[in-house]
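Single-letter residue listing:
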Amino acid sequence: MQVTLEWLRRYVEIEESGQEIADMLTRQGLEVSECVSVKPHIEGVITGRVVSLEPHPSSKGLWVCRVDTGREDRTVLCGAQNVAVGDCVPLAVPGSSIPSGKVIEATQLHGVFSEGMLCSELELELSEDHSGIMKLPPDTSPGMELDRALDLEDDVLDIEVTPNRPDCLSVIGVAREIAARKKRELCFPKISLEEQSPSSAEVSSVEILAPEACPRYVGRVLEGVRVGISPFWLRRLLNLVGLRPINNIVDITNFVMLEWGQPLHAFDLDRLEENRIVVRMARPGETITTLDGEERKLTEEDLLICDARRPVALAGVMGGLESEISEGTTRVLLESAFFEPKGIRRTGKRLGISTEASYRFEREIDRQGSLRAADRASEMMASMAGGRLLAGPLDVYPLPYLDRTISVSVSRINRLLGTSIEKDEMVGYLTGLEMGVKDQGEDALEVTPPSFRPDVTMGMDVVEEVARLYGYDSIATDMPRAPVSLVVAEPERRAEDLARDVLVGMGFSEVVNYSFNGPDLLKPLGFPEGDVRAVPVPLQNPLSESQGFLRTTLVGLLLDTVARNLRQRNRDLRFFELGRVFLPRANQVLPEQRRMLAGVMVGRRSREGWNEPDERLDVFDLKGTLEVLLSAFGVQEFAWNRSEQISSLHPGCSGDILINTTKIGTAGKLHPSIQEAFEIEEEVFLFELEFESLSSRVDRPREYRPYAKRPPVQRDLALVLDEAMPYGQVMERMREVADPCTTEIELFDLYRGPPVPEGKQSMAFRITYQDPSRNLTDEEINKIQEAFLGQLLPGLGAQLR
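Residues numbered from 1 in each chain as written. Predicted model: local features only at pLDDT ≥ 70, side-chain atom pairs only at ≥ 80, totals over all residues. Heavy atoms only, no water.

Draft legend 1. Examining the overall build of the protein chain more closely. Summing up its helical and strand segments, the protein chain has 21 helices and 39 strands in all. For the protein chain, the C-alpha radius of gyration of 45 Å lies well beyond 28 Å, the compact-globule estimate for 801 residues. Across its three principal axes, the protein chain shows a C-alpha extent of roughly 145 × 60 × 60 Å. Counting only contacts in the protein chain whose residues sit at least 6 apart along the sequence, the fraction spanning at least 24 positions is 69%. On the protein chain, roughly 40900 Å² of surface is accessible, and the fraction owed to carbon and sulfur atoms is 48%. Charged side chains in the protein chain number 91 positive and 129 negative. The centres of these two groups are separated by 3 Å. (Helix = DSSP H or I, 4+ residues; strand = E, 2+ residues; numbered from the N terminus. Rg over C-alpha atoms; globule rule 2.2 N^0.38 Å. Contact = heavy atoms within 4.5 Å. Areas by Shrake-Rupley, 256 points an atom, 1.4 Å probe, with all protein chains shown as cover. Lys, Arg positive; Asp, Glu negative; His and termini not counted. Charge placed at Lys NZ, Arg CZ, Asp CG, Glu CD.)

Take a look at the structure:
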């Protein structure tokens, strides 16, 4: 929004410079991005009045003018044909310079001496008009410096208006901010209408068929207008704020739009079928040719201004070509309406059109100001275009504006701002913004925002208004005081942090993947028919085909991450992900969400180095990872039961992870076929666990054991067992029959081969005995060991080696 300082001074007294006003507005929340001083490069150009005009005696087309300069008369030759006796004109006297850099000199042409030059607006770089000599206002005194006579010096402020402040998309809105901050009077332009018969209703009519999209439509009718060039002051003002002057009728609508923030549109009444307006939604397949000459295809969501037969304007966006104002226009129907913002924004975005009008309608203009803006423009048209204003407006208002009230507390406002503003001072700030304020008692105020402030809807908005006008820079900087308390994280959060810490400590890196993937990552995992993971939930609006489903497992995306890293020659990888999977539920729209923890391991056991052996990861590294992870959650014993039914894992090197016979996940070596499908050349070891099974244990009490003061006693024994007997079964039996003094059982050797018989294996264990209260004797240890073996050997079918 561009506005000039002199324009603002029409409505509020301003003593400050343009930069001072810019700084003040910025502190109030209206950021001024630039303040530019405008001064034409005109030196020595003065005002003059033509007192006589005669043809040049020997040169056809030239005029010999006598010009009164206030001190003397000067003879000036002129070739323009628009000069007349009594005209006030700009005169560049000898020695003066014009913006082009030309220095004016006295010259003699065909025997007549010329003492200067009469100038056009183009020569003075005041506009693009070069049709003739510039005409100054008739009451201009001769001999004045031209820049002073026309107030050509000005400051242009470029304001970055935020979307919630449509009231400041007007000069009066900005002036209101200045008046409220400086506690000065805001002066509105006086509107004096001279209406004549017949009435507007006898000549035209307005019908609204879409009241939700157009809650108010005001029309004014003028007859006998003369379309022509606008006065210099109006064209100059529009040029300064970035609008191109067109003609007096259109320029007036633009001026009033900038003045009040109400977009207007002028129709040639004689080009409207049956001289009437119908506001309706577009019909399927309907089109309109807009003022830019483009044919626009419309949808049923577009609002139209129509006559009795066809569309004549795209409501709130752009006028139609067939009803525009032209040089031959004599009757004008002036539109001032309120259109629903969302519809205007939707139409503008779809058609790729953004205009000064649509920019304001999209942000919601003042519904109550439609008639006032129409009256202001009508008065100016009657004055500048010589028109007759017909009696009475065409004001159709099916959905009137309803006031809203907001109750606020003076003490609460001060508490929030850290201030001690008196109630009367707050009332002054708010009334300066034209808000209605009622005193509701000792501490309460009832505030009624004006119709041009749609952003003020609740108490905090009122607090902001008080803060803006009090001055943010006047509010003391003070750190907020609050009691400090220890915040204890929720159990689930603590469990997540614990899992991350443990895995990162073992060299893993966390991966965060999208929660959706495609069939290319799910199908290779080979989930059997009937497995809910094989039927993912589809997305209605996926980002791409490869992300069309909610994931049912973390494994697919982790393997894809491994494959991409291996292609980049990152060989030694340990990744984990903690996230949700989404499993479909029968007869329900929303899937079941489960938190899962998955990890993958690829490559060497340790980093490559001159003193590090080149050992590859194996299933025992995976088992050790699980032991450390589960131990951190208080799980000292878990079972890894071999299973050949896990489709994604190697049938001879995988199994289910169980805690107290409850399955919490799977772990093992990746199936070769899946490894090939993901183009992974390295062996992959992975696990996937239900995280709730771990997080539920994070708050379980831990049993404290005092440090034993008595020395432990260790005994070794080797058992010969069937080769097919798993270690887990042996260890489970040993723990069942162990004496209470047994503190640790550890496997330290596994052997197959002579002299152990074929089909057998030897497992060597180290057993630690310790009593916290006394020293154990050899005799006691021997008795415990004999009792232990007496129960262990028969149960396992084992022999001592």
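Still to come is the rest of the account.
Draft legend 2. Molecular detail of the sheet that holds strand β20 (residues 318-319). Across the sheet, which stays open at both edges, the five strands sit in the order β12-β15-β18-β19-β20 with mixed pairing between neighbours. The outermost strands of the open sheet, each flanked by one partner alone, are β12 (205-208) and β20. Two elements, strand β18 (residues 303-306) and strand β19 (residues 311-314), share three bridges in a ladder whose sense is antiparallel. Residue pairing in the sheet places cysteine 306 in a bridge with proline 311 of β19. (Pairing = 2+ DSSP bridges.)

Draft legend 3. Highlighting the environment of glycine 319. As for its position among the elements, glycine 319 is in strand β20. As for glycine 319 and isoleucine 288, which are separated by 31 residues in sequence, their C-alpha atoms are 9.5 Å apart. When neighbours within four sequence positions are excluded, glycine 319 is seen to be in contact with His265, Thr290, Leu291, Val312 and Ala313.

Draft legend 4. Region of interest: a nonpolar patch on the surface. A grouping of Leu416, Met458 and Met460 is seen on the molecular surface, where their side chains present a nonpolar patch of about 280 Å² in accessible area. With respect to the secondary-structure elements, methionine 460 resides in helix α13 (residues 459-470). (Patch = residues over 30% accessible without salt bridge, like charges linked within 9 Å, V, L, I, M, F, W, Y side chains within 5 Å. Salt bridge = Lys/Arg side-chain N within 4 Å of Asp/Glu carboxyl O.)

Draft legend 5. Structural detail: the packing of aromatic side chains. In the structure shown here, the tally under the stated rule is six aromatic pairs. For the ring pair phenylalanine 188 and tryptophan 260, a centre distance of 5.6 Å and an interplane angle of 20 degrees mean the geometry is stacked. Placement of the pair is phenylalanine 188 in the loop between α4 (171-182) and β11 (195-199) and tryptophan 260 in helix α7 (residues 248-260), with a sequence separation of 72 residues. Looking at phenylalanine 188, the relative accessible area reads 37%, which means it is partly exposed. Above the face of the phenylalanine 452 ring, arginine 176 is positioned so that its terminal group lies 3.9 Å from the ring centre. (Phe/Tyr/Trp six-rings, centres within 6.5 Å; stacked < 30°, edge-to-face > 60°. Buried < 20%, exposed > 50% of the residue type's maximum accessible area, 1.4 Å probe, protein only. Lys NZ or Arg CZ within 6 Å of the ring centre and 35° of its normal.)

Draft legend 6. Fine view of helix α17 (residues 619-632). Compared with the 20 Å implied by 1.5 Å per residue over 14 residues, the 20 Å span of α17 between its first and last C-alpha is a close match. Where α17 is concerned, the buried positions are Val619, Asp621, Leu622, Thr625, Leu626, Leu629 and Leu630. End-on, the buried residues of α17 take up no more than an arc of 160 degrees, which puts them together on one face. Backbone nitrogen of phenylalanine 620 and a side-chain oxygen of the N-cap are separated by 2.9 Å at the start of α17; the cap is aspartate 618. (Expected span 1.5 Å × (residues − 1). Arc of directions from axis to C-beta. Polar contact = N/O pair within 3.5 Å; in protein donor to acceptor, adjacent residues only side chain to side chain.)

Draft legend 7. Representation of the state of the cysteines within the structure. Counted by the stated rule, this structure contains zero disulfides. The thiol sulfur of cysteine 168 is not disulfide-bonded, and the nearest other cysteine sulfur, from cysteine 35, lies at 17 Å. Residue classification places cysteine 168 among the buried positions, given a relative accessible area of 0%. (Disulfide = S-S within 2.5 Å.)

Draft legend 8. View of the packing of helix α11 (residues 410-417) against α13. Contact pair α11 / α13: the axes reach a minimum separation of 10 Å and the direction vectors enclose 65 degrees. Between α11 and α13, the angle is such that the two are roughly perpendicular. α11 and α13 meet at a crossing whose hand is right-handed. For the pair formed by α11 and α13, the contact residues are Arg412, Ile413, Leu416 and Leu417 on the first element and Met460, Val463, Val466 and Ala467 on the second. Along the lines of polarity and charge, the residues of the contact of α11 with α13 split into seven nonpolar, no polar and one charged. (Axes fitted to C-alpha atoms, helices over the stretch in contact; angles between N-to-C directions. Parallel < 35°, antiparallel > 145°, perpendicular 65-115°, else oblique. Left-handed = near helix turned anticlockwise from the far one by under 90°. Nonpolar A, V, L, I, M, F, W, Y, C, P; charged D, E, K, R; others polar.)

Draft legend 9. Summary view of helix α10 (residues 370-384). A rise of 1.5 Å per residue sets the reference length of α10, with its 15 residues, at 21 Å; its end C-alpha atoms lie 21 Å apart and thus fit the reference within 8%. Packing partners of the buried residues in α10 comprise β13 (216-223), α6 (232-240), α7, β14 (264-268), β21 (331-338) and β22 (388-391). Within two residues after α10, glycine 386 carries a phi angle of roughly 65 degrees, on the positive side.

Draft legend 10. Structural context of the nonpolar core. Counting residues in each nonpolar core, the largest one holds 52 residues, and the members touching the most others are Leu25, Ile159, Ile178 and Val256. At seven residues, α7 tops the list of elements feeding residues into this core. For isoleucine 178, the residues in contact, after removing those within four places along its chain, are Leu8, Val12, Ile14, Ile21, Met24 and Leu25. Ranked by size, the runner-up nonpolar core spans 39 residues in total, among them Cys214, Leu314, Phe339 and Phe361. (Core = buried A, V, L, I, M, F, W, Y, C linked by side-chain atoms within 4.5 Å.)

Draft legend 11. Here's a closer look at the sheet that holds strand β10 (residues 154-160). Sheet architecture is open: three strands sit in the order β1-β10-β2, paired in antiparallel fashion. Edge strands, defined here as strands with exactly one partner in the open sheet, are β1 (2-4) and β2 (31-38). If you compare each strand with its neighbour and ignore which way they point, the axes differ by 25 degrees on average. Direction of pairing for β1 relative to β10: antiparallel, over a ladder of three bridges. Pairing of valine 3 across the sheet is with leucine 157, part of β10. This element, helix α2 (residues 18-27), spans β2 and β10 of the sheet and lies at about 170 degrees to β2. Here α6 sits on the sheet in contact with β1, β2 and β10, set at roughly 135 degrees to β1.

Draft legend 12. Structural detail: the pattern of salt bridges. For the coordinates displayed, the defined rule picks out 64 salt bridges. For arginine 309, the salt bridge identified is with glutamate 273, shortest N-O distance 3.7 Å. Of the two residues, arginine 309 sits in the loop between β18 and β19 while glutamate 273 sits in the loop between β14 and β15 (276-281), which places them 36 residues apart along the sequence. For arginine 309, a relative accessible area of 55% translates into the label exposed. Between glutamate 465 and arginine 453 there is a salt bridge, and its shortest N-O distance comes to 2.9 Å. Pair noted here: glutamate 465 is in helix α13 and arginine 453 is in the loop between β26 (444-448) and α13, with a separation of 12 residues, a long-range link. Given the relative accessible area of 2%, glutamate 465 is considered buried.

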